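Summary of the model geometry
Here are the chains, one letter per residue:
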Amino acid sequence: MIEDILSERCTGCNACVVACPDHVLDPGVADGPPVIARVEQCQTCFLCELHCAHDAIYVAVEGPGAGTTLHHPEALIGRLRHDYGWDGSTSDPLRDFWQLGPLLREGLEISAARHARRQTRALKEAGTGQEGDDAAGYPPAKAVTDDPTA
Amino acid sequence: MKAIDADVLVVGGGMAAGWAAISAAKTGASVVVVDKGFMGTSGVTAPAGPNHWWVPPDTAQREAAIRRRLETAFGLADPEWMERIIDITWRSIPELDPYYPFSGDGKGGLFRSGLRGPEYVRALRRYATDLGVRVLDHHPVLELLGRRDGSVGGAGGYDRLGGVSWRARAGAVILATGGCGFRSGLIGSYSNTGDGYLMGVEAGADLSGMEFCVSYSISPAWLSTRTLPYTGARYYDASGAEIDVPAGANRTREHLLVLADAFRAGPVHADLHEAPKALRGVVRQIQPATVAAFERRGLDMFRDRFEVKLFGEGTIRGTGGLRIVDTGCATSVPGLFAAGDAATREHIAGATSGGGAQNAAWALSSGVLSGQAAAALARRQGKGAPDAALEPLGRAGLRPAGGSRAVDRKALQKAAGDEILDLDKALRRRADGLEASARTLEDGWTEISQHLRGDGRDAVAARETAAMVATARWCNAAALARTESRGMHVREDFPRTDPRLACRQIVGGLDRIRIRPDGARQEKTGGKTIG
Ligand SMILES: Cc1cc2nc3c(=O)[nH]c(=O)nc-3n(C[C@H](O)[C@H](O)[C@H](O)COP(=O)(O)OP(=O)(O)OC[C@H]3O[C@@H](n4cnc5c(N)ncnc54)[C@H](O)[C@@H]3O)c2cc1C
Ligand code: SF4
Ligand code: SF4
């Protein structure tokens, strides 16, 4: 969830108020920083941070699971905008974007091969010689993942 | 009250809305886009990087692509529609050259099939604006406005930054409001609450394919990201033992069933030790936000084991939505069009999710087609009734039938999500379970339609609640009515596919839901195809 607007960097331009798709922010008073008015609507999409040309926003990552939420880690301020290449650091921000599809498929193949190996092993151990792993009597589900981006 | 006037009013600010606005503006029509959020960050396209169905104009290749995809459409798709969207997609993306930083494809050419979300929607916005489109951000639409003859002639909404209501008169309206993710946390879907379905049905339009809403994507438990890194993941159950999860194309259901069993027993973890080697070097560039999800918790995504969750995608990567009746993406209500995830995607994906290629090509192409058809209609018929004669059509959440009183919106929203997205309910549909869900959703709908009312900014949240419960009700009723298994819709009590039911299923109605088989062939008269 959006964590903070760093007042020492913020120019009060309100670009983030407009850019947030979920209406989390309200304009600040006078030229002051915007107010995080409806944090419960924040979907942690980082897009306000991306659209702040002054790197004055930090979106923290909360919720269940591993790790510890970092608050204002100095090294990460502006990092996302840099990774997107929106800070002008690269003239070709999408040079490796084409790898998305091939990598996705490679990941799927790795998982499929792993599954096949385990099935073969299980069958050997059981000594049945039967093939396949029909899921509990359902019709063969032919749904396609085929999701080169996700 | 702010007054807006346009030949074509486009509702939404994602991919479909962008392409619709562009194609309408190219015909010379005056076009206004009204988005709930910001056209550039809102919708599921923006934080993503959609890959499009991308097949060169070679007859053999295109036929083969269509044939392959028909195999998993389970008899509900239409090869002519497939061909159409492949062609429009192929010809449209290069138009973005001046606005999008296309880069190499690793083979000496340009990579055009996939576009990174924030840059994609920014490009659409700039292109549209250059063509004279007026974009109104943070102008959620609350309801459609009807003319006396039953056609749609505008929309009304609220300007949430300006704090005023607005009313737009238009020659035609395009609903490009996206699918409904029931606030599952799926990234980008917070605003995708099914508003367009509710508004469309209130105006008299039908829905189709709502039973096809069984789709999930895996992410770290704390934040939905794109799923690219996880395709090679290994999974561990609550006891720490590795789970043997089926994987691969065409195995989505088995994959989900095994994971669902594991989730029932306790938290499920994953690690990415075996992810493709090359991913490490490029994931930060391809999907910066995915890296941030780990980095901002002090985790190394390729080293640490982490808890995962399946995020429900509802109709976003399901295939149901507003029924369209011609190749211009018109609904059955004159003046009202539907594009993108707001429309049914059965024509191009049938009973299997089109996420991954078809959906983006559909959002683009249905945008293009609806934009042209809506502009043509506006040109032919003008704006019809003078503003005063337009009747507001919104009911639940705006003009409840009984007395307005406090309604527990959070609980109702949660019920809508639970009934449709709960893994066991969705993957193991049975009459008794669906009937129980129907009763819960019916009670919720009665409460909402009788008593829920929001004013001003609060009307937006009230309508979102109404739309989610209404959508859940339609999805559930459609699932109950389809007494067979087909594609992503699997009934435990009807495990076989019934050849007699190989047709789309139309759902409509508000207080009384009506369901009927779609016997009609696609009419091919209405809108015109490009080129
Ligand atoms: C994780 C994920 C990965 C995906 N990857 C792919 C892929 O690789 N290939 C592929 O083909 N497809 C993919 N898809 C699907 C694809 O992204 C969608 O089909 C496409 O984005 C739909 O575009 P849209 O414009 O219809 O909807 P959206 O982009 O969701 O836009 C909906 C818009 O409607 C607006 N809106 C909602 N309600 C209102 C209202 N009441 N008033 C005004 N505006 C409103 C929202 O603000 C938003 O701007 C993916 C989806 C997900 C979730
Ligand atoms: S975009 Fe950045 S600089 Fe502008 S108001 Fe927001 S935080 Fe401040
Ligand atoms: S992270 Fe996304 S939802 Fe949250 S405040 Fe920023 S832009 Fe809005």
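Residues numbered from 1 in each chain as written. Chains lettered and ligands numbered in written order. Predicted model: local features only at pLDDT ≥ 70, side-chain atom pairs only at ≥ 80, totals over all residues. Heavy atoms only, no water.

Okay, the overall build of chain A next. The helix and strand tally for chain A stands at four helices and four strands. In chain A, the succession of helices and strands from N to C terminus is β-α-β-β-α-β-α-α. Within chain A, contacts between residues at least 6 apart in sequence are counted, and of these 48% link residues at least 24 apart. Carbon together with sulfur atoms contributes 52% to the accessible area of chain A, which is approximately 7200 Å² in total. (Helix = DSSP H or I, 4+ residues; strand = E, 2+ residues; numbered from the N terminus. Contact = heavy atoms within 4.5 Å. Areas by Shrake-Rupley, 256 points an atom, 1.4 Å probe, with all protein chains shown as cover.)

What follows deals with the overall build of chain B. Across its full length, chain B holds 14 helices and 17 strands. Against the 2.2 N^0.38 benchmark of 24 Å for 531 residues, chain B shows a C-alpha radius of gyration of 22 Å, consistent with a compact globule. Considering only C-alpha atoms, chain B reaches an extent of 70 × 55 × 50 Å along its principal axes. Out of the 531 residues in chain B, the part that is buried amounts to 67%. At a minimum sequence separation of 6, the contacts of chain B that also span at least 24 residues come to 75%. Carbon and sulfur atoms form 50% of the exposed surface of chain B, whose accessible area is close to 17200 Å². (Rg over C-alpha atoms; globule rule 2.2 N^0.38 Å. Buried < 20%, exposed > 50% of the residue type's maximum accessible area, 1.4 Å probe, protein only.)

This brings us to the UniProt feature "domain: FAD-dependent oxidoreductase 2 FAD-binding" (unreviewed entry) in chain B. Taking the numbering used here, the UniProt-annotated feature "domain: FAD-dependent oxidoreductase 2 FAD-binding" (unreviewed entry) corresponds to residues 7–356 of chain B. A distance of 33 Å separates the end C-alpha atoms of residues 7–356 of chain B, which is 27% helix and 19% strand. (UniProt positions renumbered as here; feature names shortened; annotations may be inferred.)

Every one of the 13 residues lining ligand 2 counts as a neighbour, but A:Cys10, A:Cys13, A:Asn14, A:Cys16 and A:Cys52 are closest to it. Considering only residue class, the shell around ligand 2 consists of nine nonpolar, four polar and no charged. (Near = heavy atom within 4 Å. Nonpolar A, V, L, I, M, F, W, Y, C, P; charged D, E, K, R; others polar.)

Aromatic rings considered in pairs are described by the distance between their centres and by the relative angle of their planes. One pass over the structure, following the stated rule, counts 10 aromatic pairs over all chains. Geometrically, the ring pair formed by B:Phe294 and B:Phe306 is edge-to-face, given 4.9 Å between the ring centres and 80° between the ring planes. Taken together, the residues span a long stretch of sequence, with B:Phe294 in helix α8 (residues 288–295) and B:Phe306 in strand β12 (residues 306–312) at a distance of 12 residues. Look at B:Phe294 and you get buried, because its relative accessible area is 1%. The exposure class assigned to B:Phe306 is buried, which follows from its relative accessible area of 1%. Ring pairs connect the aromatic residues B:Trp222, B:Tyr230, B:Phe294 and B:Phe306, which therefore count as one cluster. Across the ring face of A:Trp86, the terminal group of B:Arg122 is positioned such that the distance to the ring centre comes to 4.5 Å. Here the guanidinium or amino end of B:Arg183 rests over the ring plane of B:Tyr190, the centre of that ring lying 3.7 Å away. (Phe/Tyr/Trp six-rings, centres within 6.5 Å; stacked < 30°, edge-to-face > 60°. Lys NZ or Arg CZ within 6 Å of the ring centre and 35° of its normal.)

Attention shifts here to the nonpolar core. Among the nonpolar cores identified, the biggest contains 189 residues, and B:Trp53, B:Leu96, B:Leu144 and B:Tyr235 are the most heavily contacted of them. Setting aside anything within four residues of it in sequence, one finds B:Leu96 in contact with B:Trp19, B:Phe102, B:Leu115, B:Tyr120, B:Ala123, B:Leu124 and B:Tyr127. (Core = buried A, V, L, I, M, F, W, Y, C linked by side-chain atoms within 4.5 Å.)

Below, the discussion takes up the confidence of the model for chain B. Any segment with low pLDDT has predicted coordinates that should not be analysed in fine detail. Residues and elements named next belong to chain B. Overall, the predicted model of chain B reaches an average pLDDT of 95, with 97% of residues at or above 70. Here residues 521–531 is a poorly scored stretch, pLDDT under 50, and it has 29 contacts once near neighbours within four places are set aside; other chains count. Interface confidence in the predicted complex, given as ipTM, is 0.95; pTM for the same model is 0.95. (pLDDT = per-residue confidence, 0-100.)

What follows deals with the pattern of salt bridges. Residues and elements named next belong to chain B. Applying the stated criterion to the full structure yields 48 salt bridges over all chains. Residue aspartate 424 pairs with arginine 264 through a salt bridge whose shortest N-O separation is 2.6 Å. Of this pair, aspartate 424 sits in helix α12 (residues 423–427) while arginine 264 sits in helix α6 (residues 252–265); the two residues are 160 residues apart in sequence, bridging distant segments of the chain. Owing to a relative accessible area of 47%, arginine 264 belongs among the partly exposed residues under this scheme. Aspartate 418 is paired through a salt bridge with lysine 414; the nearest N and O atoms lie 2.6 Å apart. Here lysine 414 and aspartate 418 lie together in helix α11 (residues 409–421), a separation of four residues that amounts to about one turn. One salt-bridge network, held together by shared partners, links Asp261, Arg264, Asp424, Arg428, Arg430, Asp432 and Glu492. (Salt bridge = Lys/Arg side-chain N within 4 Å of Asp/Glu carboxyl O.)

In this assembly, 91 residues from chain B lie in contact with 71 residues from chain A. For the pair chain B and chain A, the summed buried area comes to about 7300 Å², and 58% of that belongs to carbon and sulfur atoms. For chain B, the biggest contributors to the area lost against chain A are B:Gln285, B:Arg296 and B:Arg297; these three give 12% of the whole. The interface formed by chain B and chain A includes four salt bridges. One salt bridge in this structure joins A:Arg118 and B:Glu242, with 3.9 Å as the shortest N-O distance. There are 30 residue pairs in polar contact (both at pLDDT 80 or more) connecting chain B and chain A. The set of elements that each furnish at least two residues to the side of chain B that touches chain A consists of α4 (117–130), β10 (242–243), α6, α7 (279–286) and α8 of chain B. Of the residues assigned to the side of chain B that touches chain A, the class counts are 38 nonpolar, 27 polar and 26 charged. (Buried area = accessible area lost by both parts, 1.4 Å probe. Polar contact = N/O pair within 3.5 Å; in protein donor to acceptor, adjacent residues only side chain to side chain.)

Residue and element names in this part refer to chain B. Between its terminal C-alpha atoms helix α13 (residues 431–451) stretches 30 Å, which fits the 30 Å expected from 21 residues at 1.5 Å a residue. Here α13 has its buried residues at Leu434, Ser437, Leu441, Gly444, Trp445, Ile448, Ser449 and His451. Turning to α13, the residues buried within the fold contact α5 (195–202), α11, α12 and α14 (457–481). (Expected span 1.5 Å × (residues − 1).)

A few words on α8(B). Given 3.6 residues to a turn, an α-helix orients residues that are three or four positions apart in the same direction. Taking burial as the measure, the eight residues of α8(B) include seven buried ones, the bulk of the element. Of all the positions in α8(B), only B:Pro288, B:Ala289, B:Thr290, B:Val291, B:Ala292, B:Ala293 and B:Phe294 are classed as buried. Packing partners of the buried residues in α8(B) comprise α3 (79–84) of chain A together with β8 (216–220), α7 and β12 of chain B.

Now for the side chain of B:Arg297. For B:Arg297, the location among the structural elements is in the loop between α8 and β12. Buried and without a salt bridge, B:Arg297 has A:Glu62 as its closest oppositely charged side chain, separated by 7.7 Å. Excluding residues that lie within four positions of it along the chain, B:Arg297 makes contacts with A:Val61, A:Glu62, A:Gly63, A:Pro64, A:Gly65, A:Ala66, A:Gly67, A:Thr68, A:Thr69, A:Leu70 and B:Trp222. (Lys, Arg positive; Asp, Glu negative; His and termini not counted.)

What follows is about the side chain of A:Arg81. Residues and elements named next belong to chain A. Checked against the element boundaries, arginine 81 lands in helix α3. Residue classification places arginine 81 among the buried residues on the basis of a relative accessible area of 11%. If near-sequence neighbours (up to four positions away) are discounted, arginine 81 is found in contact with Glu49, Leu50, Cys52, Ala53, Asp55, Trp86 and Asp87.

All names here are of chain B. Taken domain by domain, chain B holds domain 1 (2–213 + 315–392), domain 2 (216–312) and domain 3 (409–510 + 522–530). Taking the mean C-alpha position of each, domain 1 and domain 3 sit 21 Å from one another. Contact with domain 1, which involves 56 residues of that partner, is made by 45 residues of domain 3. Taking both sides of the interface into account, the surface hidden between domain 1 and domain 3 amounts to around 4100 Å²; carbon and sulfur atoms contribute 63%. Taken as a group, Phe182, Leu198 and Glu211 account for 19% of the area that domain 1 buries against domain 3, more than any other trio of residues on that side. Here domain 1 is connected to domain 3 by four salt bridges. We note a salt bridge from arginine 482 to glutamate 211, for which the minimum N-O separation is 2.6 Å. For the pair domain 1 and domain 3, the number of links is 13 residue pairs in polar contact (both at pLDDT 80 or more). Of all the elements in the fold, those that place two or more residues in the side of domain 1 that touches domain 3 are α3 (79–92), β4 (141–146), α5, β7 (207–208), α9 (346–349) and α10 (358–381). Considered class by class, the residues forming the side of domain 1 that touches domain 3 number 24 nonpolar, 16 polar and 16 charged. (Domains from an automatic or database assignment.)

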